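Next come the chains, spelled out residue by residue.
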Amino acid sequence: MDTLFVAFAEKDNIYNYEMLSLELLMASLKQQGLASHFIQVEFEYGTELSNEYLEQCSQDIPWERIGLVGISPIYLYTEQINQLIHFIKSKYPKVKITLGGAMAVEHLSNQMFQIFPNADILSIGEGERTIVDLVKCIQSGSDLSKCAGIVFRSHDEIVCGPPRDDIENLDEVSWADRLMLVKNKSTVAYLQTARGCEGNCTFCSESRIFSAHRGHKKRWRGRSAKNVVDEIEQIVNQYKVRIFSFVDNSFEDPLCGGEKRITELAQEIIDRKIEVYFRTLMRAESIQRLRHATLEKLKQAGMYHVLIGVESAYPPTLKLFGKRADVQDNIRSIHTIDELHIDFSLGFIPYHPYTTLEEVQANLEFFHTSNMEIKFYDVLDNQLKLFQNTPLFDKVKRDNLLTDQFSMLNPYGYNFADPKMKVLCDASVNMMEYLYQHSNLHKYIELVKMIKFVLFKAKSDGTVQIEEVWHELRAIENNVGIRVMEVYENMVGNFITHGEHMSPASDKELQELHMRIIEGTRLLTKIVKKLYAYL
């Protein structure tokens, strides 16, 4: 019996698209001598999948041998996933459809089966051992209820198998089978150096994927530095890819011993003289604990970008979100990374069910105090996605703030404790939608990222005057970022005066922002031409 894995991708977003979870499952089956196949379903966002296209997409699949189809669903693609499942079931009704990944952990099993009515099985938590046992179970006709780590339909009932124990030694997990990396001609490889997180963010469902049967408890496990760098070296040699995105929930964990682990990883890369560049995610308080020498070593090894989990600059919200860092920790961590000329972005959630005007003002002060106005447009319209099986969801539910519209397909289906805040939230979202649609803000942002990466890559060989270009870039960012923040502050002032009857950003203000972004894009393009030799 063979297994078919299916990935779904928007045609506009295929570049550098890779689903590491599916590639890991394929590798696990291959290690056990079990055959698997892969297709990528591509479509324009919001469009239906025709039977003709699905026939063409799957024409090379040996359906007579397929007994299981595995899908890691994304809630935005629910309609297309259901169309594929219906297509398969109508032609091959005995094939079992299995869903896994984040959505299977973030939401209750009965709701998953309601959203995907023709699915048969859910894989809960780590899937590498579950997929092997499940394939063998279906192949032999054994009782599914004895397969650990799954939930399945049995007629009109939903049956839970026993919980699956965590994989203690992640070095034993087979390296991903990089079919999607090859198919999509990616220049970035996704890599997992650890699982779990020792943070306590109350809104986060991601790290619970790797400890699903433990309720809200989480557990961190990491690969050895040698095992990680062995895989990096193999990808560089075999696929000629040198840029990596580490998808760990928190790269610097565990709390005790994490600095030693990432220092060893960096030193391993340096000792082997592997030219690579990688981006990571870190919590703010962790950055403060790391020695400067450790961060310098990570930079030397190729760490060019850090996503810093700040989330808020308002102490009551930091407490609500379960964050360990205080406001000063957040400011210091930002400055620490910025002074190293390592690019960064901020995890920041200004709008959530308990947002207050005081919080909005505190967040504004934070961006001014930290001199990070250039990052404000990246976060000003962020609204919390609320997921089940998280402590924050439980609180929102207790406080009767969920609406009838809330579902796994609508994670924004909640009320604000202060209803007026939704007006400001909507005005912020509309302002940024205008800039993305009419001012090509995406291009501006991508050019900024590209230039920072090239400056990092150029380092200090004398060919590029790094400091000169860096200051030129920062001036362009300030010209755009500070003005975006000023327009937002005008909206907040209007909100204070008029409340829910506030006026959004004016046409004049939006047009001025439009012209600044267009001019900024022009100046960035000139810098790119100057740096062309390094692109």
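Residues numbered from 1 in each chain as written. Predicted model: local features only at pLDDT ≥ 70, side-chain atom pairs only at ≥ 80, totals over all residues. Heavy atoms only, no water.

1. A look at the overall build of the protein
Within the protein, the secondary structure is distributed over 19 helices and 14 strands. Each principal axis of the C-alpha atoms in the protein carries an extent, and together these give about 65 × 60 × 50 Å. Within the span of the protein, comprising 535 residues, buried residues form 56% of the whole. Considering only contacts in the protein between residues 6 or more positions apart, those separated by 24 or more positions represent 76%. If you sum the accessible surface of the protein, you get close to 23,400 Å²; carbon and sulfur atoms cover 50% of it. (Helix = DSSP H or I, 4+ residues; strand = E, 2+ residues; numbered from the N terminus. Buried < 20%, exposed > 50% of the residue type's maximum accessible area, 1.4 Å probe, protein only. Contact = heavy atoms within 4.5 Å. Areas by Shrake-Rupley, 256 points an atom, 1.4 Å probe, with all protein chains shown as cover.)

2. Some details on the side chain of Asp338
Relative to the helices and strands, Asp338 resides in helix α13 (residues 327-339). In contact with Asp338, other than residues within four places in its own chain, are Phe344, Met372, Trp470 and Arg474.

3. Focus on the sheet that holds strand β13 (residues 303-311)
Reading across the sheet, the five strands line up as β8-β11-β12-β13-β14 and stay open at both edges, with parallel pairing between neighbours. Each edge of the sheet is formed by a strand with only one pairing partner; in this case those strands are β8 (188-191) and β14 (343-348). Neighbour to neighbour, the strand axes of the sheet diverge by 20 degrees on average, direction disregarded. Taken together, the four bridges between β8 and strand β11 (residues 243-246) define a ladder with parallel strand orientation. Looking at the pairing, Val188 lines up with Ile243 of β11. (Pairing = 2+ DSSP bridges. Axes fitted to C-alpha atoms, helices over the stretch in contact; angles between N-to-C directions.)

4. Brief notes about the confidence of the model for the protein
Detail in the predicted coordinates should be disregarded across regions flagged by low pLDDT. Mean pLDDT over the protein works out to 92, with 95% of the residues at or above the 70 mark. Helix α4 (residues 102-106) is the least confidently modelled element of the protein, averaging 69 in pLDDT, while helix α12 (residues 315-320) averages 98, the highest of any element. Considering only residues more than four positions removed or in separate chains, one finds that residues 212-217, a stretch of pLDDT under 50, has 15 contacts. (pLDDT = per-residue confidence, 0-100.)

5. Points about the packing of helix α17 (residues 441-458) against helix α18 (residues 466-498)
Remark: α17 packs on α18, axes separated minimally by 11 Å, with the N-to-C direction vectors making an angle of 160 degrees. What the angle tells us is that α17 and α18 run roughly antiparallel. Classified by chirality, the crossing of α18 by α17 is left-handed. Contact residues: α17 offers Tyr444, Val448, Ile451, Lys452, Leu455 and Ala458, while α18 offers Ile466, Val469, Trp470, Leu473, Arg474, Ile476, Glu477 and Val480. Along the lines of polarity and charge, the residues of the contact of α17 with α18 split into 11 nonpolar, no polar and three charged. (Parallel < 35°, antiparallel > 145°, perpendicular 65-115°, else oblique. Left-handed = near helix turned anticlockwise from the far one by under 90°. Nonpolar A, V, L, I, M, F, W, Y, C, P; charged D, E, K, R; others polar.)

6. With respect to the state of the cysteines
Following the criterion strictly, the structure yields zero disulfides and no others. For Cys137, which is in no disulfide, the shortest distance to another cysteine sulfur is to Cys147 and amounts to 5.4 Å. Judged by its relative accessible area of 8%, Cys137 is buried. Overall, Cys147 belongs to the buried group, its relative accessible area being 4%. (Disulfide = S-S within 2.5 Å.)

7. Brief notes about the sheet that holds strand β1 (residues 2-10)
Pairing is mixed across the open sheet formed by seven strands, whose spatial order is β2-β1-β3-β4-β5-β6-β7. With partners counted over all chains shown, the strands left at the sheet margins are β2 (36-43) and β7 (157-160), one partner each. Shown here is a sheet whose adjacent strand axes are inclined to one another by a mean of 25 degrees, direction ignored. Bridge count between β1 and strand β3 (residues 66-71): five bridges; the pairing is parallel. In the strand pairing of β3, Asp2 is matched with Ile66. Sheet contacts for helix α1 (residues 20-31): β1 and β2; angle to β1, the most-contacted strand, approximately 165 degrees.

8. As for helix α16 (residues 420-438)
With 19 residues, α16 ought to run about 27 Å at 1.5 Å a step, and its terminal C-alpha atoms sit 28 Å apart, in line with that. Within α16, burial applies to Met421, Leu424, Cys425, Ala427, Ser428, Met431, Met432 and Leu435. Buried positions in α16, seen along its axis, are confined to an arc of 160 degrees and lie on one side of it. Count one or two residues on from α16 and you reach Asn440, which has phi positive near 55 degrees. (Expected span 1.5 Å × (residues − 1). Arc of directions from axis to C-beta.)

9. Thoughts on the pattern of salt bridges
For the coordinates displayed, the defined rule picks out 39 salt bridges. With a closest N to O distance of 2.8 Å, Lys89 and Asp120 form a salt bridge. One end of the pair, Lys89, is in helix α3 (residues 78-91); the other, Asp120, is in the loop between α5 (109-115) and β5 (121-123), with 31 residues separating them in the sequence. The exposure class assigned to Lys89 is buried, which follows from its relative accessible area of 17%. With a closest N to O distance of 3.5 Å, Asp343 and Lys452 form a salt bridge. (Salt bridge = Lys/Arg side-chain N within 4 Å of Asp/Glu carboxyl O.)

10. Digging into the nonpolar core
Of all hydrophobic cores here, the largest spans 97 residues; its most connected members are Phe244, Ile308, Tyr444 and Tyr488. The element best represented in this core is α18, accounting for 12 residues. When residues no more than four places from it in sequence are discounted, the contact partners of Phe244 are Val188, Ala189, Leu191, Ile232, Ile235, Val236, Val276, Tyr277, Phe278 and Arg279. Membership of the second largest hydrophobic core comes to 33 residues, among which are Phe8, Ile39, Ile85 and Ala119. (Core = buried A, V, L, I, M, F, W, Y, C linked by side-chain atoms within 4.5 Å.)

11. Examining unusual backbone geometry
Residue Pro254 is reached from Asp253 by a cis peptide bond, and omega for that bond is 0 degrees. Among the secondary structure elements, Pro254 is positioned in the loop between β11 and α9 (258-271). In the Ramachandran plot, Lys273 falls in the positive-phi region, its phi being about 55 degrees despite a non-glycine side chain. Within the secondary structure layout, Lys273 lies in the loop between α9 and β12 (277-283). Non-glycine residue Asn400 carries a positive phi angle of around 60 degrees. Considering the arrangement of structural elements, one finds Asn400 in the loop between α15 (391-398) and α16. Residue class for Asn400 comes out exposed when judged on its relative accessible area of 63%.

12. A look at the pairing of strand β4 (residues 96-99)
Regular strands have side chains that alternate between both faces of the sheet. As paired elements, β3 and β4 share four bridges and run parallel to each other. Along β4, the bridge assignment pairs Leu68 with Lys96. Handedness of the crossover joining β3 and β4 through α3 is recorded here as right-handed. Strand direction decides the pairing type here: β4 and β5, joined by two bridges, are parallel. Across the sheet, residue Leu99 finds its bridge partner in β5, namely Leu122. (Right-handed = clockwise from strand over helix to strand, strands pointing away.)

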